[in-house]
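Here is how the chains run, residue by residue.
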Amino acid sequence: MKTRKGARAGQYLALLAYLVFLAFPFLWLISTAFKPARELASLHPTWIPRSPTLANFRQAFGEQPLLHAALNSLLAALGAAVVAVLIATPMAYVMARHRTPLAKAATGWVVVSQAFPFVLVIIPLFLVLKNLRLIDSLLGLIMVYVVWALPFALWMLVGYVRAVPAELEEAAAVDGAGRTRTLLSVTAPLLAPGIVATALFAFISAWNEFFFALVLLKTPEKQTLPVVLTHFIGAEGVADLGPLAAAATLATLPSLVVFAIIQKRITGGMLAGAVKS
Amino acid sequence: MTLASATRRPATRMPDTGGRRRPVDHGAWFLVLPALIPILVLSVGPLLYGIALAFTDAQSGRTAPTQWIGALNFQDLLHDTLFWDSFRIGLLWAVGVTVPQFLLALGLALLLDQDLRLRPLARALAIIPWAMPEVVVGIMWRLVYNPDAGILNETLRDLGLGEGHDWLSGLGTALPAVIVVGVWAGMPQTTVALLAGLQNTPRELHEAAAMDGAGAWRRFLTVTWPALRPIALAITALNFIWNFNSFALVYVLTNGGPGGRTRLPMLFAYEEAFRYGQFGYAAAMGCVMVAVISVLLAIRLAGRLKGDEDA
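Residues numbered from 1 in each chain as written. Chains lettered and ligands numbered in written order. Predicted model: local features only at pLDDT ≥ 70, side-chain atom pairs only at ≥ 80, totals over all residues.

With that out of the way, let us pick up the overall build of chain B. Scanning chain B for helices and strands turns up 12 helices and zero strands. The N-to-C order of helical and strand elements in chain B reads α-α-α-α-α-α-α-α-α-α-α-α. In chain B, which comprises 311 residues, the share counted as buried stands at 46%. (Helix = DSSP H or I, 4+ residues; strand = E, 2+ residues; numbered from the N terminus. Buried ≥ 20, exposed ≤ 12 C-beta atoms within 10 Å, placed from the backbone.)

Next up, the structure:
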C-alpha cells in the first residue's frame with residue numbers, strides 16, 4: 001500500500017508532537033534535579049542547567065527520612081510481589097483448568113474489582129486492620145497490596161496457564177507422576193517467565209501506590225516513599241525544588257527499570273486478553 | 001489501582017474460561033484457599049462492611065456504640081451542597097480526562113500502527129507515564145506549572161504570550177491544568193490497549209478496501225472502527241471509572257484547592273473520613289458515588305449496544 005508523501009510528513013509531524021508532549025515534563029524534572037538552588041530561584045529557567053550539580057541528589061540522599069522511606073517501600077513492594085505470586089499462581093491454575101462455580105465467581109471478582117471504589121473499601125479496611133492490630137504496620141500494608149495486586153496477577157497468570165498445553169500434564173500423569181509432582185516439575189517451569197513478569201508487575205504497583213499508604217501508615221518512620229515525598233511539598237507549595245526533583249527522579253527509577261523489563265510481556269498479556277474478547 | 005499507577009491495571013475483561021470440564025476435586029480447594037481467604041477478608045468483606053457502614057453513625061475514636069440510623073446519612077447528603085459541588089467537579093474531571101485521553105490515545109495508536117521510523121522511541125516514551133508513581137507525576141507537573149521556575153510560563157514569556165499564570169492556584173485555571181495532567185498520565189495505557197486492538201484487525205480487509213478505492217478515513221470507519229469498537233468501549237468505561245475514583249494526582253497537585261475548585265469526590269470523602277472522622281457519612285458518599293457511576297455507565301453502555309442493533 002502506498003501512502004502519499006504529504007500524508008507521511010503529516011504523520012511524522014503528529015508523532016513528533018506526541019513525543020514532545022510525552023517527554024517534556026519528564027525532561028524538565030530531570031533538568032530541575034541537576035540545577036543549583038541559585039539557578040532555580042532565577043526568573044528565567046533554562047532547559048539545560050547552566051551549572052549542573054549533584055548537590056540536590058546529595059541533599060536528597062542525606063535526608064534520613066527519604067532513605068528510610070525507600071527501604072520501607074522496597075520491603076512493602078518485595079513482600080507484596082512474592083506473596084501475591086505465591087498465592088495467585090495456584091488459584092490461577094484452578095481458574096484456568098477447571099470450570100467450577102468458584103472459578104467463575106473469582107473471574108467475576110477480578111472484573112468487578114477493576115471498578116473497585118477505593119472510598120468504599122478504605123474505611124472498612126482501616127477498621128478491620130485496626131482490629132487485627134495491623135494498622136500503622138508494613139505487614140498490614142503488604143497484605144492490602146497483595147489483595148490489591150491479585151486481580152491483575154490472576155488475570156495475567158490465567159493467560160499464562162492456558163498457554164501451557166494440558167496434554168503435557170496428562171502425559172506426565174500417564175507416566176505415573178502424582179498431581180503435586182506434575183505441577184512442580186512440568187507446569188511450574190513452563191510458567192516461570194510468566195510468574196516473574198507477574199511478580200514484577202505487583203512490585204511496581206506496590207512501589208508506586210499512595211492512597212492506602214497515606215491512610216494506613218501514620219508513624220513517619222514507617223511511611224513509604226510516595227507518602228514521604230508529599231511531605232516535601234509544604235502548604236505554601238514547594239520549598240526546595242531541587243532536592244524534591246532529585247528525590248522524585250530517584251523514586252521513579254526502580255519502576256522504570258522494572259517496567260522496561262516486563263513491558264513486552266504486559267502489553268502481550270493485554271493483547272491476549274483483548275484478542276479473546 | 002491506579003497504575004499506579006495504575007499500574008497497573010488490565011484493560012479488558014478476562015479471557016473466556018476455555019479450560020476443559022473435569023470433575024471437581026478437593027485438591028482444587030487446597031490450591032484456591034491461600035488466595036481466597038485474603039480476598040474475602042480484605043476485599044469482599046470490606047466492601048460489604050462499607051455498604052453497611054453507610055447506614056450507621058460510625059465515627060472514629062468514639063466510645064459510644066455505633067448505631068443503625070437508617071437512611072439518615074443519605075438524607076443529609078442530599079442537602080450537602082458542598083458534596084454535590086465536589087460531585088459535579090468529579091464528573092467534569094472524569095469526562096474532561098476520559099474523552100481527550102481516548103481521542104489522543106487513538107491517534108497515537110493509529111500512528112504507532114504505521115510503519116514509521118520513530119516508532120520504538122515513541123513506544124518507549126509512551127510507557128514512561130504509565131510506570132511513574134502517581135505522586136512523582138504530580139510533583140513533576142508542579143515543577144512544570146511552577147509560576148517562576150516552571151517551563152510553561154517561561155515558554156509563554158519567550159513566545160511573548162504574557163507574563164504567565166499561577167496555573168494551579170488560579171480559580172479558573174486549576175481544573176483545566178489538573179485535567180491536562182490526568183490526560184498525560186492515563187494516555188499510555190489506553191494507547192497500548194487500542195494498539196493491541198488495532199493489530200488485531202484483519203490486514204486483508206484493509207487492503208481489499210484500499211483496492212476498492214476507499215480513502216483513509218473511509219477505511220477507518222468501515223474496517224478499523226468496527227473491529228476496535230469493543231475494546232474502545234471497554235477501555236473508555238474503565239478509564240471513566242478509574243478517573244472518577246482518582247486521588248493521588250490531584251492530592252499532590254492542588255490538594256483540592258483553590259477554594260475547592262479541584263476537590264474531587266475522593267478527596268472530599270477522604271477528608272470527611274480521615275480528617276473529621278465521619279466514617280458512616282463518608283461511606284454513604286462512597287455508596288452514592290458508586291451508584292451514580294454505575295447508573296451513568298449502564299445508560300451509556302445500553303445506549304451504545306442499542307445503537308449496534310439499529311445499525
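Moving on, we get to the overall build of chain A. A count of helical and extended segments in chain A gives 12 helices and two strands. Relative to a compact globule of 277 residues, whose C-alpha radius of gyration would be 19 Å, chain A shows 23 Å and is clearly more extended. Dimensions of chain A along its principal axes, counting C-alpha atoms only, are 75 × 65 × 35 Å. Expressed as a percentage of its 277 residues, the buried residues of chain A come to 47%. Within chain A, contacts between residues separated by at least 24 positions form 75% of all contacts whose residues are at least 6 apart in sequence. (Rg over C-alpha atoms; globule rule 2.2 N^0.38 Å. Contact = placed C-beta atoms within 7 Å.)

Moving on, we get to the interface of chain B and chain A. On the chain A side, the residues contacting the 94 residues of chain B number 92 residues. For the side of chain B that touches chain A, the leading source of residues is helix α1 (residues 26-53) of chain B, giving 15 residues. When grouped by side-chain class, the residues that make up the side of chain B that touches chain A number 67 nonpolar, 15 polar and 12 charged. (Nonpolar A, V, L, I, M, F, W, Y, C, P; charged D, E, K, R; others polar.)

Turning our attention to the UniProt feature "transmembrane region" (unreviewed entry) in chain A. Here the UniProt feature "transmembrane region" (unreviewed entry) sits at residues 12-30, 74-96, 108-129, 141-161, 182-207 and 244-262 of chain A. In this annotation, residues 141-161 of chain A is assigned 100% helix and 0% strand; the end-to-end C-alpha distance for the span is 29 Å. (UniProt positions renumbered as here; feature names shortened; annotations may be inferred.)

Within this numbering scheme, the UniProt entry marks residues 87-300 of chain B as carrying the feature "domain: ABC transmembrane type-1" (unreviewed entry). Secondary structure across residues 87-300 of chain B comprises 75% helix and 0% strand; the distance between its end C-alpha atoms is 19 Å.

Turning our eyes to something else, we now look at the nonpolar core. Residues and elements named next belong to chain A. Formed by 182 residues in total, the largest nonpolar core has its most connected members in Ala80 and Ala84. In terms of residue count, the dominant contributor to this core is helix α7 (residues 138-163) (20 residues). For this core, the two domains that each supply at least three residues are domain 1 (5-33) and domain 2 (56-276). Every residue in contact with Ala84, bar those within four places of it in the chain, is listed here: Val146, Ala149, Leu150, Ala153 and Ala202. (Core = buried A, V, L, I, M, F, W, Y, C linked by C-beta atoms within 7 Å. Domains from an automatic or database assignment.)

All names here are of chain A. Partitioning chain A into domains gives domain 1 (5-33) and domain 2 (56-276). For domain 1 versus domain 2, the distance between C-alpha centres works out to 31 Å. Every contact between the two is made by four residues of domain 1 and, on the other side, seven residues of domain 2. When grouped by side-chain class, the residues that make up the side of domain 1 that touches domain 2 number three nonpolar, one polar and no charged.

Residue and element names in this part refer to chain B. Here, UniProt's "transmembrane region" (unreviewed entry) annotation points to residues 28-55, 91-112, 124-144, 164-185, 227-253 and 273-299. Helix makes up 100% of residues 91-112 and strand makes up 0%, while its end C-alpha atoms are separated by 31 Å. The span residues 164-185 is 55% helix and 0% strand, and its two end C-alpha atoms sit 24 Å from each other.

Of all residues in chain A, 91% have pLDDT values of 70 or greater, and the mean over the chain is 84. Across residues 271-277 of chain A, confidence stays below pLDDT 50; counting only partners more than four residues off in sequence or on other chains, it has 21 contacts. (pLDDT = per-residue confidence, 0-100.)

This next bit is on the environment of Val82 of chain A. Relative to the elements of secondary structure, Val82 of chain A occurs in helix α4 (residues 64-97). The class for Val82 of chain A is partly exposed, based on 15 C-beta atoms found within 10 Å.

Our focus in this paragraph is the confidence of the model for chain B. Residue and element names in this part refer to chain B. Of the residues in chain B, 89% have a pLDDT of 70 or more, and the chain-wide mean is 83. Averaged pLDDT values over the elements of chain B bottom out at 79 in helix α8 (residues 203-211) and peak at 94 in helix α3 (residues 81-112). Between residues 1-22, whose pLDDT stays under 50, and residues either more than four places distant or in other chains, the model counts 76 contacts. Of the two predicted TM-score estimates for the complex, the pTM is 0.86 and the ipTM is 0.88.

Attention shifts here to α7 of chain A. The terminal C-alpha atoms of α7 of chain A lie 36 Å apart, and with 26 residues this matches the ideal 38 Å at 1.5 Å per residue to within 8%. Where α7 of chain A bends most, at Leu150 of chain A, the angle is about 45 degrees, and the proline Pro151 of chain A comes one to four residues later. (Expected span 1.5 Å × (residues − 1). Bend = angle between axes of the 7 residues up to and from the residue.)

You will see that Arg133 of chain A, though not glycine, has its phi angle at about 55 degrees, which is positive. Relative to the assigned elements, Arg133 of chain A resides in the loop between α6 (118-131) and α7. Using a count of 10 C-beta atoms within 10 Å as the deciding quantity, one classes Arg133 of chain A as exposed. In this structure, Asn255 of chain B takes a positive phi of about 50 degrees despite not being glycine. Tracing the backbone shows Asn255 of chain B in the loop between α10 (248-253) and α11 (265-274). Judged by local crowding, Asn255 of chain B falls into the partly exposed class, with 17 C-beta atoms found within 10 Å.

All right, on to the packing of helix α5 (residues 101-114) of chain A against α7 of chain A then. All names here are of chain A. For the pair α5 and α7, the least separation of the axes is 9 Å and the interaxial angle reads 130 degrees. By the angle between their axes, α5 is oblique relative to α7. Here the hand of the crossing between α5 and α7 comes out left-handed. Counted together, Val110, Ser113 and Gln114 of α5 and Pro151, Leu154 and Trp155 of α7 form the full contact between these two elements. When its residues are assigned to classes, the contact of α5 with α7 shows four nonpolar, two polar and no charged. (Axes fitted to C-alpha atoms, helices over the stretch in contact; angles between N-to-C directions. Parallel < 35°, antiparallel > 145°, perpendicular 65-115°, else oblique. Left-handed = near helix turned anticlockwise from the far one by under 90°.)

Moving on to the environment of Gly150 of chain B. Residue and element names in this part refer to chain B. Residue position: Gly150 is located in the loop between α5 (134-145) and α6 (151-158). The exposure class assigned to Gly150 is buried, which follows from the 23 C-beta atoms found within 10 Å. When the C-alpha atoms of Gly150 and Gly182 are compared, they prove to be 18 Å apart, with 32 residues separating the residues in sequence. Sequence-distant contacts of Gly150, defined by excluding residues within four places in its chain, comprise Leu143, Val144 and Tyr145.

This brings us to the environment of Asn146 of chain B. Within the element layout of this structure, Asn146 of chain B appears in the loop between α5 and α6. Once the C-alpha coordinates of Asn146 of chain B and Leu168 of chain B are considered, the two residues, 22 residues apart in sequence, prove to be 8.3 Å apart.

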